Amino acid sequence: AAKRAGGNRVQVYTDELRVPVQQKIAAEARVRRALAGDPRLTLPLWFQPVVSTETGRIVGAEALVRMRTPDGEILSPFHFIEAAEETGLIVPLGEHVLRTAVEHLLQWSDRLGYISVNVSPRQLAEPDFVPMVESVLAALPGFDRSRLVLEITETALFTSAVDVSERLNALKRLGVRIALDDFGTGYSSLTWLKSLPADIVKLDRSFVAGLAEDARKASIIEAVLWLARSLGMSTIAEGVEEQADWEALRTAGCPAVQGYFFSKPLPSPEFEAMLLKSIERGTFEGVHLDETMG
Ligand code: C2E
Ligand code: MG
Ligand code: MG
Ligand code: MG
């Protein structure tokens, strides 16, 4: 239909439509190459610290996958996760992410409390997902499994053909913890809380950024903190970019936060350096904690 389009606007529109499809095909090929072990095209994990509001220390990290291209460019998941999901490549990619994340956690074992890994709805629906996680854990006798956190988004609830609650219960039985990612952005946040066995609520950054100047955001955050606490869950606020937001979250009693104010996701050597520094100083670099805090 767009073939005979006369105006520039429509022309631009069709170009925009075509490019992502080509990019997706290219992304798929690259993910395939990387998973096949091409040393010039890799899928490294970057790590973003999760910081305790009580101590200012790094308590955990979220593992976020990147793609390193042959010319050294680093691509965000935006460029390849969707293609991986649509083609099913997310399944081997997810296994790679899980194994690599656990390896890093073991390497930082006495310095880092936990590591969290994102699990897409497609992965969760895979019949082999729970056995795969189990086999990764079975190779690590003595490993405290609660130090592995799996992050699930709300979309898993309505895009999945499987019983998500049943699947999460099976994961819980393995001993890992479950976090509800991007909490508040879907259509079923309360359903999540009602029926799913989760340990952590990750409050989406759309409620967090600018909360210090937005009374409505602050009220929503207080309510979610209260709700999570009542249900025996912990809360992590995502997307903390400003000192004022960090202060407000700390005052509101949000146990932990994540965001550019502390650090962007970092390659593993840089994350490790930050981890060491955070432990030496007892507080997070650049963050002032008053004497009154624990
Ligand atoms: P997410 O799980 O919600 O991860 C948080 C995203 O927010 C990350 O983007 C992180 O870099 C970004 N972020 C963190 N702090 C701030 C902040 O203060 N301000 C702003 N504006 N952004 C912040 P990233 O790394 O690009 O990842 C995007 C999404 O891709 C993730 O969202 C997650 O859904 C997905 N993803 C990443 N790695 C994986 C993976 O290994 N497997 C799967 N299935 N999905 C992944
Ligand atoms: Mg996440
Ligand atoms: Mg998130
Ligand atoms: Mg997100």
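You'll find the structure just up there.
Residues numbered from 1 in each chain as written. Chains lettered and ligands numbered in written order. Predicted model: local features only at pLDDT ≥ 70, side-chain atom pairs only at ≥ 80, totals over all residues. Heavy atoms only, no water.

**Some words on the coordination of the magnesium ion (ligand 3)**
- Bound to the magnesium ion (ligand 3) on the protein side are Asp181 (OD), Asp182 (OD), Glu238 (OE) and Glu238 (OE), at distances that span 2.2 to 2.6 Å.
- Each donor residue of the magnesium ion (ligand 3) belongs to the same chain, with the gaps between them written as D-D-x55-E.
- The magnesium ion (ligand 2) is placed at 3.8 Å from the magnesium ion (ligand 3), the two being bridged by Asp181. Taken together, the residues Asp181 in strand E7 (residues 177-183) and Glu238 in the loop between strand E9 (234-237) and helix H11 (243-252) connect sequence positions 57 residues apart. (Donors = N, O, S within 2.8 Å, 3.2 Å for Na, K, Ca; no water. Helix = DSSP H or I, 4+ residues; strand = E, 2+ residues; numbered from the N terminus.)

**Things to note about the site of ligand 1**
- Every one of the 23 residues lining ligand 1 counts as a neighbour, but Arg66, Asn118, Asp181, Glu241 and Tyr260 are closest to it.
- In this structure, Asp182 approaches ligand 1 through a side-chain N or O atom, which is 3.0 Å from an oxygen atom.
- At 2.5 Å from a nitrogen atom of ligand 1 is found a side-chain nitrogen or oxygen belonging to Glu241.
- The set of elements that each furnish at least two residues to the shell around ligand 1 consists of strand E2 (58-65), helix H3 (90-107) and E7.
- Per element, the largest residue contribution to the shell around ligand 1 is 3 residues, and it comes from E2.
- Its residues assigned to classes, the shell around ligand 1 comprises 9 nonpolar, 6 polar and 8 charged. (Near = heavy atom within 4 Å. Polar contact = N/O pair within 3.5 Å; in protein donor to acceptor, adjacent residues only side chain to side chain. Nonpolar A, V, L, I, M, F, W, Y, C, P; charged D, E, K, R; others polar.)

**Brief notes about unusual backbone geometry**
- Of note, Asp182 is a non-glycine position whose phi angle comes to about 55°, a positive value.
- Position of Asp182 relative to the elements: it lies in strand E7.
- Here Asp182 falls in the partly exposed class, since its relative accessible area comes to 26%. (Buried < 20%, exposed > 50% of the residue type's maximum accessible area, 1.4 Å probe, protein only.)

**As for the side chain of Ser120**
- Tracing the sequence through the fold places Ser120 in the loop between strand E5 (114-119) and helix H4 (121-125).
- Note on Ser120: relative accessible area 8%, which makes it buried.
- When sequence neighbours within four positions are dropped, the list of residues in contact with Ser120 reads Glu85 and Ile90. (Contact = heavy atoms within 4.5 Å.)

**Notes on the coordination of the magnesium ion (ligand 2)**
- The magnesium ion (ligand 2) binds to the protein through Glu62 (OE), Asn118 (OD1), Glu151 (OE) and Asp181 (OD), with metal-donor distances spanning 2.0 to 2.3 Å.
- Read N to C, the donor residues that coordinate the magnesium ion (ligand 2) are spaced as E-x55-N-x32-E-x29-D.
- Since its relative accessible area comes to 29%, Asn118 is described here as partly exposed.

**Quick look at H3**
- The end-to-end C-alpha distance of H3, which contains 18 residues, comes to 25 Å, matching closely the 26 Å that a straight helix rising 1.5 Å per residue would cover.
- Here H3 has its buried residues at Ile90, Leu93, Gly94, Val97, Leu98, Thr100, Ala101, Val102, His104 and Leu105. (Expected span 1.5 Å × (residues − 1).)

**Some remarks on the nonpolar core**
- Core analysis: the biggest nonpolar cluster contains 77 residues, and Leu150 and Leu171 have the highest contact counts within it.
- In terms of residue count, H3 provides more of this core than any other element does, 7 residues in total.
- Ignoring anything within four residues of it in the chain, the contact list for Leu150 reads Leu98, Val117, Val119, Phe129, Leu171, Val176, Arg177, Ile178 and Ala179.
- Among the nonpolar cores identified, the runner-up in size contains 7 residues, and Val50, Tyr114, Val149 and Ala179 belong to it. (Core = buried A, V, L, I, M, F, W, Y, C linked by side-chain atoms within 4.5 Å.)

**A short note on the packing of helix H5 (residues 129-138) against helix H7 (residues 164-174)**
- At their nearest, the axes of H5 and H7 sit 10 Å apart, and the two run at 10° to each other. Accordingly, the angle class assigned to the pair H5 and H7 is roughly parallel. For the pair H5 and H7, the contacting residues are Phe129, Val130, Val133, Glu134 and Leu137 in the first and Arg167, Ala170, Leu171 and Leu174 in the second.
- Taken together, the residues of the contact of H5 with H7 sort by class into 7 nonpolar, no polar and 2 charged. (Axes fitted to C-alpha atoms, helices over the stretch in contact; angles between N-to-C directions. Parallel < 35°, antiparallel > 145°, perpendicular 65-115°, else oblique.)

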